[in-house]
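Listed here are the chains, written in short residue letters.
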Protein chains: 2
Amino acid sequence: MIKCIRCKHVHAITKSGIVRGKQRYFCKDCNIYFTLPDETTVDMKHKKHMTTIVDIAKALNVSKSTVSRALHEHEDINPHTRAAVLKMARQLDYQPNLLAKSLVRSKSNTIGIIVPEFLTYFFPTIIMGAQQVAAEAGYNVIICQSQESYKTEVANANVLLANRVDGVLISMTRETKKFDHFKAFEKHGIPVVFFNRVCDEMDTSKVLVNDYEGALKAVEHLIKNGYRNIAHIGGPPALLITHNRLRGYKDALAKYKLPFKKELVVHCNLSKKDAIACAEQLLNLKQPPDAVFCVNDPVAIQLMLLAKKRKIKIPAELGIVGFSNEPSGEVIEPALTTVQQPVADIGRSAAGILLEAIAKGEAYVPEKKSLKTTLIVRESSIK
Amino acid sequence: MIKCIRCKHVHAITKSGIVRGKQRYFCKDCNIYFTLPDETTVDMKHKKHMTTIVDIAKALNVSKSTVSRALHEHEDINPHTRAAVLKMARQLDYQPNLLAKSLVRSKSNTIGIIVPEFLTYFFPTIIMGAQQVAAEAGYNVIICQSQESYKTEVANANVLLANRVDGVLISMTRETKKFDHFKAFEKHGIPVVFFNRVCDEMDTSKVLVNDYEGALKAVEHLIKNGYRNIAHIGGPPALLITHNRLRGYKDALAKYKLPFKKELVVHCNLSKKDAIACAEQLLNLKQPPDAVFCVNDPVAIQLMLLAKKRKIKIPAELGIVGFSNEPSGEVIEPALTTVQQPVADIGRSAAGILLEAIAKGEAYVPEKKSLKTTLIVRESSIK
DNA sequence: CTGAAAGCGCTAACAT
DNA sequence: ATGTTAGCGCTTTCAG
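The structure presented is a predicted model; accordingly, all values stated were derived computationally and were not measured.

S.K.: So, the confidence of the model for chain A: which residues are in play, and what are the values?
M.R.: Reading predicted coordinates in detail is not appropriate for stretches of low pLDDT. Residue and element names in this part refer to chain A. Overall, the predicted model of chain A reaches an average pLDDT of 88, with 88% of residues at or above 70. Long-range and interchain partners of residues 1-13, a stretch whose pLDDT sits below 50, account for 32 contacts in this model, where long-range means more than four residues apart. Below pLDDT 50 for its whole length, residues 17-24 participates in 20 contacts with residues either more than four positions away or in separate chains.

What follows is the structure, given as structure tokens:
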């Protein structure tokens, strides 16, 4: 709707020839000729318009569908036009607008990841693995940190929903008890794969490390090396890994007919401070343990540091085994025996399953995957 | 337009009653009755339609513009309609489609990050910092790993471009010599902030750690502690940090009138293998150093491990200072003196500057930020 | 205060 | 083989 530049009215306007490629108009009321201010020149520096398929189409005098087809190896396309389009696309520096594509396809080619934190090497490594697999399949990754807060986790879920991710990878906070924010994904047909900190209430794919087996092997190893009064520093009771590693610990004792002593099991919230507190609690026992299986390496290291400070000889007087094989365990003295988990594999595996689920849609059947652990024997556990 | 399920033609079709709530058709040509496969029932579970503003509008018998306005605290809106819309939105579990919003606003509220790798704690920590700041401002983050490959980096840049990110954070690969893929961002008015591995050729914001000063302090500390024959294991020559830390090393020597000896400087590509090779090279010297300033902690740790293996006393016979304060340095014995960089701050700072640039648009003036380092003195450098 | 309509860039029926 | 058209879900003039 063209308005007269003087009277601002729209009636009484007629086209009147073309001047320097621009349409000229005539207002019968005001009796003046005018052309519209060329907005493109203003735009030029303001925000360089990215070339679209329409630009290519115009340049080549074809329709945008033709351009779209040429760009997508559609079969019904003349090889010549195709070549011309491709050339022009390169020439104009065309970058497809994935937002538009996602909108019309109802598919964003993006997956979301929710992790509780990002500080230790653990989650970054998993994310890296997932990101690699995703990138290879042409998927982007949006990462959210729940910071171990249920509320944030709900917000994260909404962000991912609003961004219309095609699938989600989740490791829950330790305080998550309600799962509606996860179920919302399912409700919209968005597949979810849990890893590590999984949700039992939901019937989705899950990728876990075989914590039970890892713990069993670790404690068995201690027993075989002559330790008899073996303690366990576990994780937060809410976590499944805590449960499974504790179970492995118990079963190993049982297997070798060693008594289970309640006072030898303490739970740690995984903070450094609490780790030290737990270590103290154990070492202060009237009958202190001669070995400790720790829920993870950082905890094991705090224990070792404390023991060393107290001149307790490791491994002679105190055997220590950790879990997760973090870099620090390798350089500490004595080097820490630990249960290695295939961390990057967790991410790769989870992402792989998720992509499959996205591809299969309805047909997809949830799958539970349990990754193997390996006991890495170093010095801290060999009497 | 109903087609016969046999002859596929559209003429000769008539309606013929309703069966179980579904319209039945009759093809006069083929003489058969049929109903159309019920797509809605399939759809129901297939992909639950997410509610849109139109759904809300219909439910309330208002126009979608009204809904949009209600959802955005627009001023021209009746408080009652507003309340009704909000209520209905909640009721229908409305999640705005950010893809659509981004498309029409030409603003994705997403920033991209390109980092060379993701393995050490360094980049993940930076990303975490950046992600926090971004999330607080309502921005998502898309992360790309260039894997130290120029080609991948170019691909990464295109991915971000195609996703229409509003800004980009970059730490270059060590082999990047051409910068067209970065300049493409500028060309489209997408602000770029470099961090850590910055690009001198581009006039954009940069966030760096004051490597020079950190190195200077580190070497000065060694000198003050009585070391006189101080070596340096540097990083890959292509990196700026290598250059700056080396400069700090040299200037510290100069400041105390100590001679610079070429054979005491070796360059390491930062791989573990090469770190060991460099350490060996130095320790094998006819006149081995009595202290080494290392380009980073992992290298320092490899050196320490080798020295210990050779029964060289640390710090008595060999002082060692690292750079970056990685967790391992704290637990190794003797504990590693190191230069701490405010890693998460790099990410926070860079993201902050980027968001500001996005907000200011044209008006934005590039800014160079140099973050301070702190020398953390532990045992490995005190004779 | 509300509605109608245009359009962001793209895909995908449908038509030619 | 190519063009036309109708959206995807949303914001944003413009018109009441």
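And the narrative resumes.
S.K.: An account of the protein's contact with DNA strand D is needed here, citing residue identities and associated values.
M.R.: If you check the shell around DNA strand D, you find 26 residues, and the closest are Ser65(A), Thr66(A), Arg69(A), Lys64(B) and Tyr94(B). Counting only atoms of DNA strand D within 4 Å of the protein, the sugar-phosphate share comes to 55%. Secondary-structure elements contributing two or more residues to the surface near DNA strand D are α3 (64-71) and α5 (98-105) of chain A together with α3 (64-71) and α5 (98-105) of chain B. For the surface near DNA strand D, the per-class residue count stands at 9 nonpolar, 11 polar and 6 charged.

S.K.: Go over the protein's contact with DNA strand C with me, naming the residues and quoting the values.
M.R.: Taken together, the neighbourhood of DNA strand C is formed by 28 residues, with Ile53(A), Lys64(A), Tyr94(A), Thr66(B) and Arg69(B) sitting nearest. Within 4 Å of the protein, the contacting atoms of DNA strand C are drawn from sugar and phosphate to the extent of 57%. Here a phosphate oxygen of DNA strand C and a side-chain polar atom of Tyr94(A) are 2.7 Å apart. One of the backbone nitrogen or oxygen atoms of Asn97(A) is found 3.2 Å away from a phosphate oxygen of DNA strand C. Of all elements in the fold, only α3 and α5 of chain A together with α3, α4 (79-91) and α5 of chain B reach the threshold of two or more residues within the surface near DNA strand C. Its residues assigned to classes, the surface near DNA strand C comprises 10 nonpolar, 11 polar and 7 charged.

S.K.: Give me the lowdown on unusual backbone geometry, citing residues and values where you can.
M.R.: Residue and element names in this part refer to chain A. Here the residue pair Ile314 and Pro315 is connected by a cis peptide bond, since its omega of 5° sits within 30 degrees of zero. Even without being glycine, Lys257 reaches a positive phi, approximately 55°. Among the structural elements, Lys257 can be located in the loop between α10 (240-255) and β10 (265-267). Judged by relative accessible area, which is 73%, Lys257 ranks as exposed. A positive phi angle, close to 120°, is found at Ser324, a residue other than glycine.

S.K.: So what about helix α11 (residues 272-283) of chain A? Which residues, and what values?
M.R.: Three- or four-residue spacings in an α-helix give side chains the same orientation, since the helix completes a turn every 3.6 residues. With 12 residues, α11(A) should cover 16 Å at 1.5 Å per step; its first-to-last C-alpha distance of 17 Å lies within 8% of that length. Its buried side turned inward, α11(A) meets β9 (230-234), β10, β11 (291-294) and α12 (297-309) of chain A.

S.K.: Got a sec to walk through the interface of chain B and chain A? Specific residues and values, please.
M.R.: Contacts between the two partners involve 50 residues from chain B and, on the opposite side, 51 residues from chain A. Both faces considered, chain B and chain A share a buried interface measuring about 4,800 Å² in area, 54% of it formed by carbon and sulfur atoms. Linking chain B with chain A are 6 salt bridges. Notably, a salt bridge pairs Lys308(A) with Glu333(B), separated by 2.7 Å at the nearest N-O pair. Summed over the shared surface of chain B and chain A, the result is 17 residue pairs in polar contact (both at pLDDT 80 or more).

Cut-offs used in this document
Residues numbered from 1 in each chain as written. Chains lettered and ligands numbered in written order. Predicted model: local features only at pLDDT ≥ 70, side-chain atom pairs only at ≥ 80, totals over all residues. Heavy atoms only, no water. pLDDT = per-residue confidence, 0-100. Contact = heavy atoms within 4.5 Å. Near = heavy atom within 4 Å. Helix = DSSP H or I, 4+ residues; strand = E, 2+ residues; numbered from the N terminus. Nonpolar A, V, L, I, M, F, W, Y, C, P; charged D, E, K, R; others polar. Polar contact = N/O pair within 3.5 Å; in protein donor to acceptor, adjacent residues only side chain to side chain. Buried < 20%, exposed > 50% of the residue type's maximum accessible area, 1.4 Å probe, protein only. Expected span 1.5 Å × (residues − 1). Buried area = accessible area lost by both parts, 1.4 Å probe. Salt bridge = Lys/Arg side-chain N within 4 Å of Asp/Glu carboxyl O.

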